[in-house]
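What follows is each chain in one-letter form.
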Amino acid sequence: MAAAVATAPGTLGSLHAGGVRLVAACSARLCQGLRLPGSLAGRRVGPAIWTQNWVPAAGGPAPRRGYSSEVKTEDELRVRHLEDENRGIVVLGINRAYGKNSLSKNLIKMLSKAVDALKSDKKVRTIIIRSEVPGIFCAGADLKERAKMSSGEVGPFVSKIRAVINDIANLPVPTIAAIDGLALGGGLELALACDIRVAASSAKMGLVETKLAIIPGGGGTQRLPRAIGMSLAKELIFSARVLDGQEAKAVGLISHVLEQNQEGDAAYRKALDLAREFLPQGPVAVRVAKLAINQGMEVSSLMLQFTIPTKDRLEGLLAFKEKRPPRYKGE
(Lines give C-alpha, C1' and ligand atoms only; values in the text may rest on other atoms or scores of the structure.)
Protein backbone atom coordinates (compact mmCIF):
# COMPACT_ATOMS: atom_id res chain seq x y z
CA MET A 1 0.00 0.00 0.00
CA ALA A 2 2.82 2.41 0.93
CA ALA A 3 4.36 1.89 -2.51
CA ALA A 4 1.05 2.58 -4.25
CA VAL A 5 0.51 5.80 -2.33
CA ALA A 6 4.10 6.91 -2.89
CA THR A 7 3.59 6.90 -6.67
CA ALA A 8 0.67 9.33 -6.49
CA PRO A 9 1.63 13.00 -7.16
CA GLY A 10 1.73 15.12 -4.04
CA THR A 11 1.64 12.22 -1.59
CA LEU A 12 4.30 10.22 0.23
CA GLY A 13 6.54 10.07 -2.84
CA SER A 14 7.40 13.75 -2.38
CA LEU A 15 8.20 13.50 1.33
CA HIS A 16 11.76 13.56 2.59
CA ALA A 17 13.49 10.23 3.15
CA GLY A 18 13.22 10.36 6.92
CA GLY A 19 9.47 10.87 6.75
CA VAL A 20 9.07 8.00 4.33
CA ARG A 21 10.95 5.68 6.65
CA LEU A 22 8.74 6.76 9.55
CA VAL A 23 5.58 6.04 7.63
CA ALA A 24 6.96 2.73 6.35
CA ALA A 25 7.62 1.65 9.92
CA CYS A 26 3.95 1.90 10.79
CA SER A 27 2.38 1.10 7.40
CA ALA A 28 2.41 -2.64 8.10
CA ARG A 29 -0.04 -2.06 10.93
CA LEU A 30 -2.17 0.29 8.87
CA CYS A 31 -2.38 -1.87 5.77
CA GLN A 32 -4.09 -4.69 7.64
CA GLY A 33 -7.09 -2.51 8.33
CA LEU A 34 -6.86 0.18 5.64
CA ARG A 35 -7.62 -0.94 2.11
CA LEU A 36 -7.23 1.50 -0.75
CA PRO A 37 -9.29 0.88 -3.92
CA GLY A 38 -8.64 -2.45 -5.60
CA SER A 39 -7.85 -4.49 -2.53
CA LEU A 40 -9.70 -7.60 -1.52
CA ALA A 41 -12.37 -7.53 1.16
CA GLY A 42 -11.32 -8.97 4.49
CA ARG A 43 -12.80 -12.13 5.88
CA ARG A 44 -15.42 -12.08 8.62
CA VAL A 45 -15.18 -13.68 12.01
CA GLY A 46 -16.58 -17.15 11.95
CA PRO A 47 -18.31 -18.94 13.15
CA ALA A 48 -20.02 -16.13 15.04
CA ILE A 49 -22.28 -17.24 17.87
CA TRP A 50 -25.60 -15.44 17.98
CA THR A 51 -28.03 -15.37 20.89
CA GLN A 52 -31.74 -15.32 20.18
CA ASN A 53 -33.65 -12.24 21.38
CA TRP A 54 -30.39 -10.33 21.96
CA VAL A 55 -31.27 -6.69 21.34
CA PRO A 56 -28.31 -4.32 20.98
CA ALA A 57 -30.26 -1.08 20.83
CA ALA A 58 -29.94 1.12 23.89
CA GLY A 59 -33.22 1.31 25.72
CA GLY A 60 -34.36 -2.09 24.45
CA PRO A 61 -34.88 -5.20 26.53
CA ALA A 62 -31.89 -6.81 28.17
CA PRO A 63 -30.34 -9.90 26.62
CA ARG A 64 -31.59 -13.22 27.87
CA ARG A 65 -28.77 -14.73 29.88
CA GLY A 66 -28.52 -18.35 30.76
CA TYR A 67 -25.34 -19.30 32.58
CA SER A 68 -24.28 -22.61 34.02
CA SER A 69 -21.16 -24.62 34.66
CA GLU A 70 -21.98 -26.53 31.48
CA VAL A 71 -21.16 -23.65 29.12
CA LYS A 72 -19.36 -25.05 26.08
CA THR A 73 -15.85 -23.79 25.47
CA GLU A 74 -16.84 -22.42 22.07
CA ASP A 75 -19.38 -20.17 23.86
CA GLU A 76 -16.75 -18.48 26.02
CA LEU A 77 -16.37 -15.69 23.46
CA ARG A 78 -19.39 -14.54 21.48
CA VAL A 79 -18.71 -12.51 18.36
CA ARG A 80 -21.61 -10.42 17.05
CA HIS A 81 -21.68 -8.32 13.89
CA LEU A 82 -24.52 -5.89 14.53
CA GLU A 83 -26.93 -5.03 11.74
CA ASP A 84 -29.25 -2.27 10.52
CA GLU A 85 -28.35 1.13 12.02
CA ASN A 86 -25.54 -0.53 13.96
CA ARG A 87 -23.92 -2.13 10.91
CA GLY A 88 -20.16 -1.96 11.21
CA ILE A 89 -20.14 -2.42 15.00
CA VAL A 90 -18.76 -5.72 16.27
CA VAL A 91 -19.25 -6.88 19.86
CA LEU A 92 -16.89 -9.33 21.54
CA GLY A 93 -18.77 -10.75 24.52
CA ILE A 94 -16.80 -12.68 27.14
CA ASN A 95 -18.91 -15.47 28.63
CA ARG A 96 -17.00 -17.54 31.23
CA ALA A 97 -19.31 -17.14 34.21
CA TYR A 98 -17.93 -20.21 35.98
CA GLY A 99 -14.42 -18.75 35.76
CA LYS A 100 -15.32 -15.07 36.37
CA ASN A 101 -14.36 -14.39 32.76
CA SER A 102 -10.73 -15.18 33.62
CA LEU A 103 -8.24 -15.53 30.78
CA SER A 104 -7.90 -19.26 30.16
CA LYS A 105 -5.99 -20.99 27.37
CA ASN A 106 -9.20 -21.51 25.46
CA LEU A 107 -10.44 -17.94 25.86
CA ILE A 108 -7.09 -16.51 24.78
CA LYS A 109 -7.13 -18.83 21.76
CA MET A 110 -10.62 -17.64 20.81
CA LEU A 111 -9.70 -13.97 21.32
CA SER A 112 -6.65 -14.44 19.13
CA LYS A 113 -8.69 -15.95 16.30
CA ALA A 114 -11.37 -13.27 16.54
CA VAL A 115 -8.89 -10.40 16.54
CA ASP A 116 -6.94 -11.90 13.66
CA ALA A 117 -10.10 -11.98 11.54
CA LEU A 118 -11.35 -8.55 12.57
CA LYS A 119 -8.14 -6.70 11.77
CA SER A 120 -8.44 -7.64 8.09
CA ASP A 121 -12.20 -7.01 7.74
CA LYS A 122 -12.69 -3.54 6.24
CA LYS A 123 -16.43 -3.68 6.96
CA VAL A 124 -15.70 -3.41 10.67
CA ARG A 125 -15.93 0.18 11.93
CA THR A 126 -15.80 -0.13 15.75
CA ILE A 127 -15.26 -3.01 18.17
CA ILE A 128 -16.78 -3.19 21.64
CA ILE A 129 -15.39 -5.59 24.24
CA ARG A 130 -17.90 -6.40 26.97
CA SER A 131 -18.91 -9.10 29.39
CA GLU A 132 -22.04 -11.18 29.17
CA VAL A 133 -21.68 -12.19 32.82
CA PRO A 134 -23.36 -9.88 35.34
CA GLY A 135 -20.99 -8.09 37.70
CA ILE A 136 -17.77 -9.26 36.00
CA PHE A 137 -15.74 -7.79 33.14
CA CYS A 138 -12.66 -9.96 33.49
CA ALA A 139 -11.00 -11.17 36.68
CA GLY A 140 -7.57 -11.52 35.05
CA ALA A 141 -5.64 -14.70 34.34
CA ASP A 142 -7.20 -18.04 35.23
CA LEU A 143 -5.02 -18.78 38.27
CA LYS A 144 -6.62 -22.18 38.87
CA GLU A 145 -5.61 -23.26 35.39
CA ARG A 146 -2.19 -21.69 35.80
CA ALA A 147 -1.59 -23.58 39.05
CA LYS A 148 -1.78 -26.81 37.04
CA MET A 149 0.85 -25.65 34.55
CA SER A 150 4.48 -26.63 34.76
CA SER A 151 7.06 -23.89 35.20
CA GLY A 152 7.95 -24.31 31.54
CA GLU A 153 4.36 -23.66 30.47
CA VAL A 154 3.72 -20.49 32.46
CA GLY A 155 6.15 -18.24 30.56
CA PRO A 156 4.85 -19.03 27.07
CA PHE A 157 1.24 -18.68 28.23
CA VAL A 158 1.90 -15.24 29.76
CA SER A 159 3.60 -14.27 26.50
CA LYS A 160 0.53 -15.40 24.57
CA ILE A 161 -1.75 -13.29 26.76
CA ARG A 162 0.50 -10.29 26.21
CA ALA A 163 0.55 -10.90 22.44
CA VAL A 164 -3.25 -11.05 22.21
CA ILE A 165 -3.65 -7.88 24.28
CA ASN A 166 -1.10 -6.15 22.04
CA ASP A 167 -3.03 -7.33 18.98
CA ILE A 168 -6.17 -5.74 20.41
CA ALA A 169 -4.28 -2.50 21.01
CA ASN A 170 -3.08 -2.60 17.38
CA LEU A 171 -6.49 -3.14 15.79
CA PRO A 172 -6.93 -0.52 13.06
CA VAL A 173 -10.42 0.60 14.12
CA PRO A 174 -11.66 2.24 17.34
CA THR A 175 -12.09 -0.15 20.26
CA ILE A 176 -14.20 0.43 23.37
CA ALA A 177 -14.10 -1.50 26.64
CA ALA A 178 -17.47 -1.59 28.42
CA ILE A 179 -16.65 -2.31 32.07
CA ASP A 180 -19.87 -3.28 33.83
CA GLY A 181 -18.17 -5.17 36.65
CA LEU A 182 -14.90 -6.41 38.08
CA ALA A 183 -11.78 -5.77 35.97
CA LEU A 184 -8.64 -6.91 37.78
CA GLY A 185 -5.09 -7.68 36.64
CA GLY A 186 -5.19 -8.97 33.10
CA GLY A 187 -8.82 -7.90 32.87
CA LEU A 188 -7.86 -4.26 33.33
CA GLU A 189 -4.92 -4.75 30.97
CA LEU A 190 -7.41 -5.97 28.37
CA ALA A 191 -9.44 -2.80 28.88
CA LEU A 192 -6.32 -0.61 28.80
CA ALA A 193 -5.56 -1.99 25.34
CA CYS A 194 -8.80 -0.43 24.07
CA ASP A 195 -8.91 3.15 22.79
CA ILE A 196 -11.78 4.15 25.06
CA ARG A 197 -12.99 2.79 28.39
CA VAL A 198 -16.40 3.35 29.94
CA ALA A 199 -17.56 1.89 33.24
CA ALA A 200 -20.45 1.64 35.63
CA SER A 201 -19.94 3.46 38.92
CA SER A 202 -20.20 0.11 40.72
CA ALA A 203 -17.37 -1.43 38.66
CA LYS A 204 -14.09 -2.28 40.39
CA MET A 205 -10.76 -2.17 38.60
CA GLY A 206 -7.08 -2.34 39.39
CA LEU A 207 -3.71 -3.92 38.61
CA VAL A 208 -3.41 -6.13 41.67
CA GLU A 209 -0.53 -8.39 40.66
CA THR A 210 1.85 -7.22 43.40
CA LYS A 211 -0.45 -8.94 45.90
CA LEU A 212 0.71 -12.19 44.31
CA ALA A 213 4.35 -11.09 44.29
CA ILE A 214 4.35 -10.57 40.52
CA ILE A 215 3.91 -7.57 38.23
CA PRO A 216 1.39 -6.87 35.44
CA GLY A 217 2.50 -8.93 32.45
CA GLY A 218 0.04 -7.85 29.74
CA GLY A 219 1.27 -4.33 29.08
CA GLY A 220 -0.21 -2.69 32.16
CA THR A 221 3.09 -1.23 33.30
CA GLN A 222 3.25 0.69 30.01
CA ARG A 223 -0.39 1.52 29.28
CA LEU A 224 -1.49 2.60 32.76
CA PRO A 225 1.19 5.34 32.98
CA ARG A 226 0.18 6.57 29.52
CA ALA A 227 -3.43 6.77 30.64
CA ILE A 228 -3.06 8.41 34.08
CA GLY A 229 0.56 9.51 34.40
CA MET A 230 3.64 7.76 35.70
CA SER A 231 3.53 8.80 39.36
CA LEU A 232 -0.09 7.81 39.96
CA ALA A 233 0.32 4.59 37.95
CA LYS A 234 3.24 3.62 40.19
CA GLU A 235 1.14 4.35 43.26
CA LEU A 236 -1.72 2.16 42.08
CA ILE A 237 0.53 -0.72 41.00
CA PHE A 238 2.72 -0.60 44.13
CA SER A 239 -0.37 -0.64 46.38
CA ALA A 240 -2.49 -3.02 44.25
CA ARG A 241 -5.30 -0.54 44.88
CA VAL A 242 -8.74 -1.19 43.42
CA LEU A 243 -10.80 1.78 42.18
CA ASP A 244 -14.54 2.05 41.64
CA GLY A 245 -16.00 3.71 38.56
CA GLN A 246 -16.13 7.21 40.04
CA GLU A 247 -12.53 7.01 41.26
CA ALA A 248 -11.38 5.66 37.90
CA LYS A 249 -13.06 8.57 36.12
CA ALA A 250 -11.46 11.07 38.51
CA VAL A 251 -7.93 9.88 37.68
CA GLY A 252 -8.58 9.60 33.92
CA LEU A 253 -8.54 5.82 33.71
CA ILE A 254 -11.95 5.80 32.02
CA SER A 255 -13.73 8.35 29.81
CA HIS A 256 -17.29 7.96 31.10
CA VAL A 257 -18.89 6.63 34.28
CA LEU A 258 -22.56 5.62 34.48
CA GLU A 259 -24.90 4.63 37.26
CA GLN A 260 -25.60 0.93 36.81
CA ASN A 261 -29.03 0.06 35.46
CA GLN A 262 -31.35 -2.79 36.37
CA GLU A 263 -30.09 -4.91 33.49
CA GLY A 264 -26.46 -4.48 34.55
CA ASP A 265 -25.25 -3.22 31.16
CA ALA A 266 -25.02 0.58 31.58
CA ALA A 267 -21.42 0.73 30.36
CA TYR A 268 -22.22 -1.39 27.32
CA ARG A 269 -25.10 0.88 26.35
CA LYS A 270 -22.85 3.92 26.61
CA ALA A 271 -20.20 2.14 24.52
CA LEU A 272 -22.84 1.44 21.88
CA ASP A 273 -23.84 5.12 21.84
CA LEU A 274 -20.21 6.11 21.30
CA ALA A 275 -19.77 3.55 18.53
CA ARG A 276 -22.83 4.98 16.77
CA GLU A 277 -21.19 8.41 16.85
CA PHE A 278 -18.21 7.01 14.95
CA LEU A 279 -20.23 5.30 12.20
CA PRO A 280 -21.05 8.39 10.06
CA GLN A 281 -17.42 9.47 9.87
CA GLY A 282 -15.01 8.60 7.07
CA PRO A 283 -13.76 5.03 7.71
CA VAL A 284 -10.31 5.63 6.21
CA ALA A 285 -9.92 8.91 8.07
CA VAL A 286 -10.84 7.30 11.40
CA ARG A 287 -8.33 4.48 10.90
CA VAL A 288 -5.56 6.84 9.86
CA ALA A 289 -6.38 9.18 12.77
CA LYS A 290 -6.04 6.29 15.20
CA LEU A 291 -2.69 5.32 13.74
CA ALA A 292 -1.43 8.90 13.80
CA ILE A 293 -2.45 9.33 17.44
CA ASN A 294 -0.90 6.02 18.42
CA GLN A 295 2.35 6.77 16.65
CA GLY A 296 2.70 10.25 18.11
CA MET A 297 2.15 13.86 17.18
CA GLU A 298 5.08 13.94 14.76
CA VAL A 299 3.41 11.41 12.47
CA SER A 300 0.00 13.05 12.07
CA SER A 301 0.95 15.30 9.13
CA LEU A 302 2.48 12.33 7.32
CA MET A 303 -0.53 10.14 7.98
CA LEU A 304 -2.77 12.77 6.39
CA GLN A 305 -1.29 11.78 3.04
CA PHE A 306 -2.94 8.35 3.29
CA THR A 307 -6.38 10.00 3.09
CA ILE A 308 -5.64 12.16 0.02
CA PRO A 309 -6.10 9.53 -2.75
CA THR A 310 -9.23 7.94 -1.27
CA LYS A 311 -12.74 7.99 -2.69
CA ASP A 312 -14.04 8.80 0.79
CA ARG A 313 -12.23 12.14 0.75
CA LEU A 314 -13.87 13.08 -2.55
CA GLU A 315 -17.25 11.92 -1.27
CA GLY A 316 -16.83 14.06 1.85
CA LEU A 317 -16.14 17.15 -0.25
CA LEU A 318 -19.06 16.44 -2.58
CA ALA A 319 -21.44 15.85 0.34
CA PHE A 320 -20.35 19.15 1.91
CA LYS A 321 -20.95 20.96 -1.36
CA GLU A 322 -24.38 19.36 -1.82
CA LYS A 323 -25.31 19.86 1.85
CA ARG A 324 -26.13 16.19 2.46
CA PRO A 325 -24.82 13.41 4.72
CA PRO A 326 -21.78 11.68 3.19
CA ARG A 327 -22.05 8.10 1.96
CA TYR A 328 -18.66 6.64 2.88
CA LYS A 329 -17.60 3.21 1.62
CA GLY A 330 -14.25 2.88 3.32
CA GLU A 331 -12.34 3.23 0.05
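As the structure is a prediction and not an experimental result, all values here were calculated from the model.

A. Structural context of the side chain of Glu189. Counting through the fold element by element, Glu189 comes out in helix α6 (residues 186–192). Here Glu189 is buried and forms no salt bridge, its nearest opposite-charge partner Arg223 lying at an N-O distance of 6.6 Å. Within polar-contact distance, the side chain of Glu189 engages the backbone nitrogen of Gly219 at 3.2 Å. Beyond its immediate chain neighbours, meaning those up to four positions away, Glu189 contacts Ile165, Leu207, Glu209, Pro216, Gly217, Gly218, Gly219 and Gly220.

B. View of the packing of helix α7 (residues 220–228) against helix α8 (residues 230–239). It is the contact of α7 with α8, at a shortest axis distance of 7 Å, that shows an interaxial angle of 130°. Classified by the interaxial angle, the pair formed by α7 and α8 is oblique. Crossing handedness for the pair α7 and α8: right-handed. Contacts from Gly220, Thr221, Leu224, Pro225 and Ile228 in α7 reach Met230, Leu232, Ala233, Leu236 and Ile237 in α8. Its residues assigned to classes, the contact of α7 with α8 comprises eight nonpolar, two polar and no charged.

C. Layout of the sheet that holds strand β6 (residues 182–184). One open sheet accounts for four strands, arranged β4-β6-β8-β9; its pairing is mixed. Edge positions in the open sheet fall to β4 (136–138) and β9 (243–244), since each of these has one partner strand only. Bridge count for strand β8 (residues 204–206) against β9 is two bridges, and the pairing is antiparallel. Counterpart to Lys204 in the pairing with β9 is Asp244.

D. Summary view of the nonpolar core. Leu77, Leu92, Phe137, Ile168, Ile179, Met205 and Leu253 are the most contacted members of the largest nonpolar core, which has 49 residues in total. Of the residues forming this core, the biggest block, seven residues, is contributed by helix α3 (residues 105–118). In this view, Ile168 contacts Val115, Ile129, Thr175, Leu190, Ala193 and Cys194; residues no more than four positions away in its chain are not counted. By size, the runner-up hydrophobic cluster in this structure holds 15 residues, among which are Ile196, Ala267, Leu272 and Leu279.

E. Geometry of α3. Between its first and last C-alpha atoms α3 spans 20 Å; for 14 residues at 1.5 Å apiece the expected length is 20 Å, and the two agree. Of the residues making up α3, those classed as buried are Leu107, Ile108, Met110, Leu111, Ser112, Ala114, Val115, Ala117 and Leu118.

F. Representation of unusual backbone geometry. Phi at Lys100 takes a positive value of approximately 55°, unusual for a residue other than glycine. Here Lys100 is to be found in the loop between β2 (89–94) and α3. With a phi angle near 55°, Lys323 is a residue other than glycine that sits in the positive phi range. With respect to the element layout, Lys323 can be found in the segment after α13 (311–322). Residue Lys323 is classed as exposed on the basis of its relative accessible area of 78%.

Rules of the game
- Residues numbered from 1 in each chain as written.
- Predicted model: local features only at pLDDT ≥ 70, side-chain atom pairs only at ≥ 80, totals over all residues.
- Heavy atoms only, no water.
- Helix = DSSP H or I, 4+ residues; strand = E, 2+ residues; numbered from the N terminus.
- Buried < 20%, exposed > 50% of the residue type's maximum accessible area, 1.4 Å probe, protein only.
- Lys, Arg positive; Asp, Glu negative; His and termini not counted.
- Salt bridge = Lys/Arg side-chain N within 4 Å of Asp/Glu carboxyl O.
- Polar contact = N/O pair within 3.5 Å; in protein donor to acceptor, adjacent residues only side chain to side chain.
- Contact = heavy atoms within 4.5 Å.
- Axes fitted to C-alpha atoms, helices over the stretch in contact; angles between N-to-C directions.
- Parallel < 35°, antiparallel > 145°, perpendicular 65-115°, else oblique.
- Left-handed = near helix turned anticlockwise from the far one by under 90°.
- Nonpolar A, V, L, I, M, F, W, Y, C, P; charged D, E, K, R; others polar.
- Pairing = 2+ DSSP bridges.
- Core = buried A, V, L, I, M, F, W, Y, C linked by side-chain atoms within 4.5 Å.
- Expected span 1.5 Å × (residues − 1).

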